[in-house]
Amino acid sequence: MGISKRRFIQALGAATAATALGQTVAATRKRRYDLLVIGAGTAGIPAAIYAAARGASVLVIDAAATIGGTLLLTSGQMSAAGTRVQRQKGIDDTPDLFFQDLMRISRGTIDHSLARLAVDNAATTVDWLMDNGYPLLPGYPVEGVAHEPYSKPRYYWSELRGVAILDAMRPQFTQAVNAGKVDLLLEHRAVELRTGASGTVSAVAVEDSGGKRIEYQPRNVLLASGGYASNAAMFEKLSGYPKYLDASYPFAQGQGQVLAESVGGYMRYAEKYLTNFGILLATSTIPSTKLATTIFHPQQRQPWEVYVNTGGRRFVREDVPSVDAREQSFRFQPHLRHWVVFDQSVLEKAPPILEGWTRDDMLAAFKAPDANFFRGATVQDLAQAIGVPEKALADTVEGYNYGVQTGNDFYGRKHLPTKLQTPPYYAIQHQGTSITSTAGIAVNDALQVIRRDGSAIANLYAAGEILGAGATQGQAFCGGMMVTPALTFGRLLGERMIRFG
Ligand SMILES: Cc1cc2nc3c(=O)[nH]c(=O)nc-3n(C[C@H](O)[C@H](O)[C@H](O)COP(=O)(O)OP(=O)(O)OC[C@H]3O[C@@H](n4cnc5c(N)ncnc54)[C@H](O)[C@@H]3O)c2cc1C
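These numbers come from a predicted model, not from an experiment. Here the residue numbering is sequential within each chain, running from 1 through the sequence in written order. A pLDDT threshold of at least 70 governs which residues receive local features in this predicted model, and a stricter bar of 80 or more applies before side-chain atom pairs are shown or counted, although totals over entire chains, interfaces and linings include all residues. As a rule here, side-chain values cover all heavy atoms of the structure and leave hydrogens and water aside.

1. As for the overall build of the protein
In this description a helix means any DSSP run of H or I spanning at least four residues, a strand means any run of E spanning at least two, and both kinds are numbered starting from the N terminus. Counting its regular elements, the protein contains 16 helices and 19 strands. When we talk radius of gyration, it's over C-alpha atoms, and the globule rule is simply 2.2 Å times the number of residues to the 0.38. On C-alpha atoms alone, the protein measures out to a radius of gyration of 25 Å, which is about the 23 Å that the 2.2 N^0.38 rule sets for 501 residues. Overall, the protein is about 75 × 50 × 50 Å in size when its C-alpha atoms are taken along their principal axes. The rule is simple: take the accessible area with a 1.4 Å probe, protein chains only, and divide by the maximum for that residue type; under 20% is buried, over 50% is exposed, in between is partly exposed. Here the protein holds 501 residues, and 59% of them are scored as buried.

2. Here's the deal with the site of the ligand
We call a residue near a given molecule or strand whenever any one of its heavy atoms falls within 4 Å of it. The full set close to the ligand counts 36 residues, and Thr42, Asp62, Thr70, Gln255 and Glu465 are the nearest of them. One of the side-chain nitrogen or oxygen atoms of threonine 74 is found 2.9 Å away from an oxygen atom of the ligand. What sets the accessible areas is the Shrake-Rupley method with a 1.4 Å probe; for residues, cover comes only from the shown protein chains. The fraction of the free accessible surface of the ligand (1000 Å²) that becomes covered by protein chains is 94%. Top contributing element to the shell around the ligand by residue count: strand S6 (residues 188-195), with three residues. Looking at the shell around the ligand residue by residue, the class counts come to 15 nonpolar, 18 polar and three charged. In protein, a polar contact requires one atom able to donate a hydrogen and another able to accept it; more generally it is a pair of N or O atoms within 3.5 Å, and residues adjacent in sequence count only if both atoms are side-chain atoms. Residues are grouped as follows: Ala, Val, Leu, Ile, Met, Phe, Trp, Tyr, Cys and Pro are nonpolar; Asp, Glu, Lys and Arg are charged; every other residue, Gly included, is polar.

3. Some thoughts on the nonpolar core
For our purposes a nonpolar core is just a set of buried Ala, Val, Leu, Ile, Met, Phe, Trp, Tyr and Cys residues, chained together by side-chain atoms within 4.5 Å. The biggest cluster of nonpolar side chains holds 106 residues, and the ones touching the most others in it are Val58 and Phe173. At nine residues, the largest contribution of residues to this core is made by helix H6 (residues 112-131).

4. Focus: the packing of aromatic side chains
Two aromatic rings, drawn from Phe, Tyr or Trp (for Trp, its six-membered ring), form a pair once their centres lie within 6.5 Å of each other, and the interplanar angle then sorts them: stacked below 30 degrees, edge-to-face above 60, tilted otherwise. One pass over the full model with this rule turns up 19 aromatic pairs. Ring centres of phenylalanine 277 and phenylalanine 330 lie 5.1 Å apart, and the angle between their planes is 50°; this geometry places the pair in the tilted category. A residue pair is termed long-range when its members are at least 10 positions apart, and phenylalanine 277 in the loop between strand S10 (267-268) and strand S11 (280-281) and phenylalanine 330 in helix H10 (residues 323-331) qualify at 53 residues. Note on accessibility: phenylalanine 277 and phenylalanine 330 belong to one class, buried. Judged by centre distance (6.0 Å) and plane angle (10°), the ring pair of tryptophan 357 and phenylalanine 373 falls under stacked. Note that tryptophan 357 is positioned in the loop between helix H11 (344-349) and helix H12 (359-367) and phenylalanine 373 in strand S15 (residues 373-376), a separation of 16 residues in sequence. Each residue in the set Phe277, Phe296, Tyr307, Phe315 and Phe330 is aromatic and connected to the rest through ring pairs, giving one cluster. Whether a charge lies above a ring is judged from NZ of Lys or CZ of Arg, which has to be within 6 Å of the ring centre and within 35 degrees of the ring normal. Over the ring of phenylalanine 99 we find arginine 116; its NZ or CZ atom is 5.0 Å from the centre of that ring. Here lysine 243 stacks its cationic end above the ring of phenylalanine 235, 5.6 Å away from the centre of that ring.

5. So, the pattern of salt bridges
For salt bridges, the criterion is a side-chain nitrogen of Lys or Arg within 4 Å of an Asp or Glu carboxyl oxygen. If you walk through the whole model with that rule in mind, you get 23 salt bridges. Between arginine 116 and aspartate 96 there is a salt bridge, with its nearest N and O atoms 2.6 Å apart. Here the residue arginine 116 occupies a position in helix H6, and aspartate 96 occupies one in helix H5 (residues 95-106), the gap between them amounting to 20 residues. Of the residues examined, arginine 116 reaches a relative accessible area of 25% and is grouped as partly exposed. With its nearest N and O atoms 2.7 Å apart, the salt bridge here joins glutamate 305 to arginine 301. Here glutamate 305 and arginine 301 have matching classes, each one buried.

6. Considering unusual backbone geometry
Here the amide bond leading from isoleucine 286 into proline 287 is cis, since omega sits at -10°, within 30 degrees of zero. With an omega dihedral of -5°, the bond running from proline 423 to proline 424 counts as a cis peptide bond. Note on placement: proline 424 falls in the loop between helix H14 (390-406) and strand S16 (425-431). Phi is positive for tyrosine 269, close to 75°, though the residue is something other than glycine. Given the relative accessible area of 14%, tyrosine 269 is considered buried.

7. Comments concerning the domain arrangement of the protein
By convention here, the domain bounds are inherited from an automatic or database domain assignment. Segmentation of the protein into domains returns domain 1 (1-78 + 160-230 + 238-274 + 435-470 + 487-501) and domain 2 (280-431). For domain 1 and domain 2, the distance between their C-alpha centres works out to 42 Å. Note on contacts: a residue pair is in contact if any heavy atoms of the two residues lie within 4.5 Å. Contacts between domain 1 and domain 2 engage eight residues on the former and 13 residues on the latter. As used here, buried area is the combined drop in accessible area, with a 1.4 Å probe, of two parts when they are placed together. Taking both partners together, domain 1 and domain 2 bury about 900 Å²; carbon and sulfur atoms supply 70% of that area. For the pair domain 1 and domain 2, the interface holds zero salt bridges. Of the residues belonging to the side of domain 1 that touches domain 2, the class tally is six nonpolar, no polar and two charged.

8. Overview of the sheet that holds strand S18 (residues 448-450)
Two modes of strand pairing occur in sheets, parallel and antiparallel, and in both the strands are linked by backbone hydrogen bonds. The mixed open sheet is built from six strands, whose spatial order is S5-S2-S1-S9-S19-S18. Two strands bound the open sheet, and with one partner strand each, they are strand S5 (182-186) and S18. Neighbour-to-neighbour, the strand axes of this sheet turn through a mean angle of 30°, independent of strand direction. For strand S1 (residues 35-38) and strand S2 (residues 58-62), the ladder comprises four bridges, and the chain directions are parallel. Counted as the bridge partner of valine 37 is valine 60 from S2. Sitting on the sheet, helix H7 (residues 162-178) touches S2 and S5, and the angle it makes with S5 is about 105°. A pair of strands is labelled paired if DSSP reports no fewer than 2 bridges between them. Inter-axis angles, ranging from 0 to 180 degrees, are taken between N-to-C directions of lines fitted to C-alpha atoms, where helices are fitted over the stretch in contact.

9. Re the environment of tryptophan 304
Note that tryptophan 304 resides in the loop between strand S12 (290-292) and strand S13 (306-308). The spacing of tryptophan 304 and aspartate 453 is 149 residues in sequence and 53 Å in space, taken between C-alpha atoms. Discounting chain neighbours no more than four positions away, the residues touching tryptophan 304 are Val346, Lys349, Ala350, Pro351, Tyr400, Arg413, His415, Pro417, Thr418 and Leu420.

10. Focus: helix H9 (residues 255-262)
Where H9 is concerned, the buried positions are Gly256, Gln257, Leu259 and Ala260. Summarising the axial view, the buried residues of H9 lie within an arc of 160°, below the 170-degree limit, and thus occupy one face. After H9 finishes, the residue glycine 264 shows a positive phi value of roughly 110°. The arc in question is formed by the directions pointing from the helix axis toward the C-beta atoms.

What follows is the structure, encoded as structure tokens:
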């Protein structure tokens, strides 16, 4: 059998007996399920819990050896308006205000109906998690963390990040499995969908880790299999940029997207690709892990450096208070790459720009042979080291120094502490990249997968990152607008949107 006792217990706790495991796989073959959920992650778990509570027979499969999906590593920041905790704290907030904020931050680039569905129902999701012990950090909700702030405190976070969300859902999920309402197959992945004469999905082929194939004929199928951010080829094809950063869930391979396309679905929103302001990668070999967090928020640390692109030019007011303005300016830079450039006096006087690093840590990094830290005896030497035009970088530094002297920075920057004129000169390379999937499978308002002509594959649903970040965030980072819609759409599908019987 594909599931080992150890792995099953790891996922569900000791409550499940070993003998049940073998029986589970054998028994699943004989059943015609009301719902087959592909992916026991952020969207799949609430879908299964709620569908089972309605009396549906549910089979959940996951390619991984454990449940949780991206919840195991996500920051898990959620956003919702009109929650009980907001009311208790006297925060007057509504889904309408939330939607207006999304429109403002994304400049109208969200999918209006999917975002509306998400914000109208997000509060119930957060209330449900809180009812089930979600440990909200003291002082929360807040307006924003790391992303462009909302106009109201509607940002929820826990010290345990995504795992806190999983922990809140786990008891209900485990209970449903133990009660025989949900069958769970770990290390089983969906490999094929087939449609019948009516165009609906008639069969799902599933493979265990040994390649053994099982076929199911469920009445409904939910694709909750996540994004494609760990599939380098698919990521590059859809974003137009290599996959530089390795920080996504390893099973986010885009298999659900391929399955949906195989029965007539299609991908959209790839053009909304956006990255965080550059990341400091650990190595020059990609995909790389992240080395450190660079403090770009002037609210945390005012910039002493200039940021230059591959042309050796500045491209943004480094102390612009808006996170989104920085991110949008970066969208237009060649190769989504920039360098943080400074001199010896900045190194000596400024608080280190890398979170948790000391000056000595920085100096040691500049001595290391890897490719992301550079030093030059002159500005021209530095330009050569990082591969940008010498004259352009020299002009940039001279122009910045003019701003420091006169107070008239060409970009309107206000924080101008010191000229860059003391050798040696330093540069730290930053690379824009994304850990989520921008493009996603097209669905209608009922979350049914649709064909290019708009017709629905009536019994094939999708929820979570498979819909693409572009759907619920547009071409912006709208905090919490991936985890919360994933949970919410999963819940809604299980609770009422999928019609059983
Ligand atoms: C580091 C990080 C931080 C993030 N921080 C935030 C944040 O703070 N706020 C926010 O809103 N969003 C955040 N996101 C994004 C968000 O966490 C994800 O978009 C969301 O959790 C994805 O949920 P999902 O249900 O679509 O996928 P998942 O939770 O990944 O679940 C998909 C499941 O499907 C399984 N699977 C895949 N293919 C198959 C197959 N063929 N057959 C069977 N099973 C399969 C996988 O193993 C997985 O368990 C972050 C993402 C990352 C990587």
